[in-house]
Amino acid sequence: MSENTICVVPCGSKKIWDKEPETGPTMAKHVYIGSFAGKCREYAEKFYPESWCILSAKYGFLFPDDIVPEPYNVSFNNKKSNPISIDELKAADSTQKLYKYEDIVVLGGKNYTKMVNDIFTDKNIYNPLSKCKGMGFMMQELNEAIKKGVPL
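Here's what I pulled together on the structure shown here.

Cut-offs used in this document
- Residues numbered from 1 in each chain as written.
- Predicted model: local features only at pLDDT ≥ 70, side-chain atom pairs only at ≥ 80, totals over all residues.
- Heavy atoms only, no water.
- Helix = DSSP H or I, 4+ residues; strand = E, 2+ residues; numbered from the N terminus.
- Rg over C-alpha atoms; globule rule 2.2 N^0.38 Å.
- Buried < 20%, exposed > 50% of the residue type's maximum accessible area, 1.4 Å probe, protein only.
- Contact = heavy atoms within 4.5 Å.
- Salt bridge = Lys/Arg side-chain N within 4 Å of Asp/Glu carboxyl O.
- Polar contact = N/O pair within 3.5 Å; in protein donor to acceptor, adjacent residues only side chain to side chain.
- Axes fitted to C-alpha atoms, helices over the stretch in contact; angles between N-to-C directions.
- Parallel < 35°, antiparallel > 145°, perpendicular 65-115°, else oblique.
- Left-handed = near helix turned anticlockwise from the far one by under 90°.
- Nonpolar A, V, L, I, M, F, W, Y, C, P; charged D, E, K, R; others polar.
- Phe/Tyr/Trp six-rings, centres within 6.5 Å; stacked < 30°, edge-to-face > 60°.
- Lys NZ or Arg CZ within 6 Å of the ring centre and 35° of its normal.

Turning our eyes to something else, we now look at the overall build of the protein. Within the protein one finds seven helices and seven strands. A globule of 152 residues ought to have a C-alpha radius of gyration of about 15 Å, and the protein, at 15 Å, matches this closely. Viewed in the frame of its principal axes, the protein has a C-alpha envelope of about 40 × 35 × 30 Å. A buried classification covers 47% of the 152 residues belonging to the protein. Sequence separation of 24 or more characterises 61% of the internal contacts of the protein that already satisfy a separation of 6 or more.

In structure tokens:
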């Protein structure tokens, strides 16, 4: 992996507003409070502190300091929730900023990796969690890497 690498982490259904409904607009790095999203963020902050982002089903690629204005409930797994499309993602300004990276590390399931592959067809895409059979195993891999200080 080169210095020219960005890490993409998943969003999540559990958000800061679920715990603190009075919270207003919030930086993306503080919005997603589920255990898996939090562990992925921790991993990204440790190994890619200057180059990571979140793939949101509503907003596309969010950088840590981007502001999420309000609660929402959109999922890539629920088409009725009207998630952002691959075409919309390809056209988004935030996506354009990712084209400067040669290598993209994706944390998450097959759906996330497939979307990133579909967008960045000319980049090196890595999913270090691809061999994991479920969320629990992914969490375990992330925990081990963080504890050892060695990226997956």
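Having seen the structure, we can now continue with the description.
Taken as a whole and assessed by the stated rule, the structure comprises six salt bridges. We note a salt bridge from Glu-102 to Lys-123, for which the minimum N-O separation is 3.9 Å. Pair noted here: Glu-102 is in the loop between helix H5 (93–98) and strand S6 (103–106) and Lys-123 is in the loop between helix H6 (110–119) and strand S7 (124–126), with a separation of 21 residues, a long-range link. Given the relative accessible area of 39%, Glu-102 is considered partly exposed. Note that Lys-147 is salt-bridged to Glu-144, the shortest N-O span being 3.7 Å.

On to the side chain of Ser-94, then. Relative to the helices and strands, Ser-94 resides in helix H5. Assessed through its relative accessible area of 13%, Ser-94 is described here as buried. Reaching out from Ser-94, the side chain makes a polar contact with the backbone oxygen of Phe-61 at a distance of 3.0 Å. With residues up to four places along the chain from it excluded, the contact list for Ser-94 reads Phe-61 and Phe-63.

Another aspect to go through is the packing of helix H3 (residues 35–47) against helix H7 (residues 135–148). For the pair H3 and H7, the least separation of the axes is 10 Å and the interaxial angle reads 30 degrees. Comparing their axes, H7 and H3 come out roughly parallel. For the pair H3 and H7, the sense of crossing is left-handed. Contact with H3, carried on its side by Ser-35, Phe-36, Lys-39, Cys-40, Glu-42, Tyr-43, Lys-46 and Phe-47, involves Met-135, Met-138, Met-139, Leu-142, Asn-143, Ala-145 and Ile-146 of H7 and no other residues of that element. Of the residues in the contact of H3 with H7, the class split is 10 nonpolar, two polar and three charged.

Below, the discussion takes up the packing of aromatic side chains. Considering all chains together, one arrives at six aromatic pairs under this definition. Ring geometry for Phe-61 against Phe-120: centres 5.9 Å apart, planes inclined by 55 degrees, an arrangement best described as tilted. Of the two residues, Phe-61 sits in strand S4 (residues 60–62) while Phe-120 sits in the loop between H6 and S7, which places them 59 residues apart along the sequence. Taken individually, Phe-61 and Phe-120 each receive the classification buried, so the pair is uniform in this respect. Ring geometry for Phe-76 against Tyr-112: centres 5.6 Å apart, planes inclined by 90 degrees, an arrangement best described as edge-to-face. Linking Phe-76 in the loop between strand S5 (67–68) and helix H4 (86–91) with Tyr-112 in helix H6, this pair joins segments that are 36 residues apart in sequence. Of the two residues, Phe-76 and Tyr-112, both sit in the buried class. Members of the aromatic cluster, connected to one another through ring pairs, are Tyr-43, Phe-47 and Tyr-48. Directly above the aromatic system of Tyr-72 lies the positively charged group of Lys-15, at a separation of 4.5 Å from the ring centroid.

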